[in-house]
Amino acid sequence: MKSILENRSNLAREVNKVAEVAGYLWQKGWAERNGGNITINITQYVDEAIRKLPAICGVNPIGATLPNLKGCYFYCKGTNRRMRDLARAPMENGSVIRICDDCASYEIIADRHVMPTSELPSHLSVHNYLIGKGSTYKASVHTHPIELVAMTHCNDFLKKDVLTKLLWSMIPETKAFCPRGLGIVPYMLPSSVELANATIKAIDDDYDVVMWEKHGVFAVGEDVIEAFDMVDTLNKSAQIYMDARCMGFVPDGMSDAQMQEISDVFHLPK
Ligand code: 13P
Ligand code: ZN
């Protein structure tokens, strides 16, 4: 069977980045069973031949109307598919979808009938928001990083920017590479449109990475590698915090002056 990636090196490169990150998520223990999902906006790599591809399945509702997605195409992890399998075979464990003209439904066009992730409402709502804002971000990643999720089981950490400041102060790189910090989305049913709306609201508050309370993170970036790196950096800080607590002390954290110095040297917004 001919794959949509054949003779399309730019598209193949982006899908292979998803496979690379899927492998990291599995290795880190953040992707139990089918846990987590990734989508990328691939519209810029879509040629006339792809536009003419017939649908493999019927029309499916997104659950929301997303006007900025008219004519857009996405690669999506398949629902119930494992990251560790996607790492080896991205087109067998994910598919390319085309948004229909009503902007409220989609059809699968390649390579095979793999239904997209159950978190599609969140992913597509965020892509719709990013396009509306004129953002160049093309990737969104949802994963279950152990230490970050553990921290959301404590109410004090859920107050605005408490986790941001704590995680920034664990190691200088965190503020430098996640300068917008970590937003918080209160617990909501996985896959729900309510969760999607709350996620956009949090991202609109100027975060690239947000926590879904007691569930996981949702991150956006120029590409999937960038989105993954931010989550990885934040989770490293969470691990340092927890290791210090396990050694029996509360970590001091960097001082305000040391944090300010990082902001000045790296020209950071906050
Ligand atoms: P999917 O298998 O549908 O992508 O769901 C995994 C998940 O993490 C839901 O939040
Ligand atoms: Zn999840």
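The structure under discussion appears in the preceding block.
What comes next concerns the included structure. (Residues numbered from 1 in each chain as written. Chains lettered and ligands numbered in written order. Predicted model: local features only at pLDDT ≥ 70, side-chain atom pairs only at ≥ 80, totals over all residues. Heavy atoms only, no water.)

### Overview of the overall build of the chain
Alright, step 1. The number of helices and strands found in the chain is ten helices and nine strands.
Alright, step 2. Over its C-alpha trace the chain gives a radius of gyration of 19 Å, about what one expects of a compact globule, namely 18 Å for 270 residues.
Alright, step 3. Taking the principal axes of the C-alpha coordinates as reference, the chain spans close to 60 × 35 × 35 Å.
Alright, step 4. A buried classification covers 56% of the 270 residues belonging to the chain. (Helix = DSSP H or I, 4+ residues; strand = E, 2+ residues; numbered from the N terminus. Rg over C-alpha atoms; globule rule 2.2 N^0.38 Å. Buried < 20%, exposed > 50% of the residue type's maximum accessible area, 1.4 Å probe, protein only.)

### A short note on the site of ligand 1
Alright, step 1. In the neighbourhood of ligand 1, 13 residues make up the surrounding shell, with Asn34, Thr79, Thr117, Ser118 and Glu119 lying closest.
Alright, step 2. The contact in question runs from an oxygen atom of ligand 1 to an N or O atom on the side chain of Lys77, over 3.1 Å.
Alright, step 3. Note that an oxygen atom of ligand 1 is positioned 3.1 Å from one of the side-chain N or O atoms of His144.
Alright, step 4. A total of 310 Å² of accessible area belongs to ligand 1 in isolation, and the protein chains cover 93% of it.
Alright, step 5. Across the shell around ligand 1, the residue classes tally to no nonpolar, eleven polar and two charged. (Near = heavy atom within 4 Å. Polar contact = N/O pair within 3.5 Å; in protein donor to acceptor, adjacent residues only side chain to side chain. Areas by Shrake-Rupley, 256 points an atom, 1.4 Å probe, with all protein chains shown as cover. Nonpolar A, V, L, I, M, F, W, Y, C, P; charged D, E, K, R; others polar.)

### Structural notes on the pattern of salt bridges
Alright, step 1. Here the structure, examined in full by the defined rule, presents 13 salt bridges.
Alright, step 2. Taking the shortest distance from any N to any O, the salt bridge between Arg8 and Asp47 comes out at 2.7 Å. Pair noted here: Arg8 is in the segment before helix H1 (9–27) and Asp47 is in the loop between strand S1 (37–41) and helix H2 (48–51), with a separation of 39 residues, a long-range link.
Alright, step 3. According to the relative accessible area criterion, Arg8 is buried, its value standing at 18%.
Alright, step 4. Relative accessible area serves as the criterion here: at 29%, Asp47 is assigned to the partly exposed category.
Alright, step 5. The closest approach of N and O atoms between Asp208 and Arg180, which form a salt bridge, is 3.1 Å. Residue Asp208 is located in the loop between helix H8 (193–204) and strand S8 (209–212), and its partner Arg180 is located in the loop between helix H7 (172–177) and strand S7 (182–185); the two are separated by 28 residues in the primary sequence.
Alright, step 6. Of the residues examined, Arg180 reaches a relative accessible area of 28% and is grouped as partly exposed.
Alright, step 7. Among the charged side chains, a salt-bridge network with shared partners connects Arg13, Glu14, Lys17 and Asp223. (Salt bridge = Lys/Arg side-chain N within 4 Å of Asp/Glu carboxyl O.)

### Comments concerning the pairing of S8
Alright, step 1. On S8, burial covers both faces: Val209 and Met211 on one face and Val210 and Trp212 on the other are all buried.
Alright, step 2. Examined bridge by bridge, S7 and S8 share four bridges and lie parallel to one another. What sits directly across from Ile184, in S8, is Met211.
Alright, step 3. This β-α-β element, S7 to H8 to S8, shows right-handed connectivity.
Alright, step 4. Summarising the sheet, S8 and strand S9 (residues 216–221) pair through four bridges and their orientation is antiparallel. Residue pairing in the sheet places Val210 in a bridge with Phe218 of S9. (Pairing = 2+ DSSP bridges. Right-handed = clockwise from strand over helix to strand, strands pointing away.)

### Some thoughts on the sheet that holds strand S6 (residues 139–143)
Alright, step 1. The nine strands lie next to each other as S2-S5-S4-S3-S1-S6-S9-S8-S7, forming an open sheet whose pairing is mixed. Edge positions in the sheet fall to strand S2 (60–61) and S7, since each of these pairs with one other strand and no more.
Alright, step 2. Inspection of the sheet shows S1 paired to S6 by four bridges, in the antiparallel sense. What sits directly across from Ile38, in S6, is Val141.
Alright, step 3. Of the strands in this sheet, S1, strand S3 (73–77) and S6 touch H1, which is tilted by about 160° from S1.
Alright, step 4. Helix-sheet contacts for helix H9 (residues 224–246) involve S1, S6, S7, S8 and S9, and the interaxial angle to S9 is about 135°. (Contact = heavy atoms within 4.5 Å. Axes fitted to C-alpha atoms, helices over the stretch in contact; angles between N-to-C directions.)

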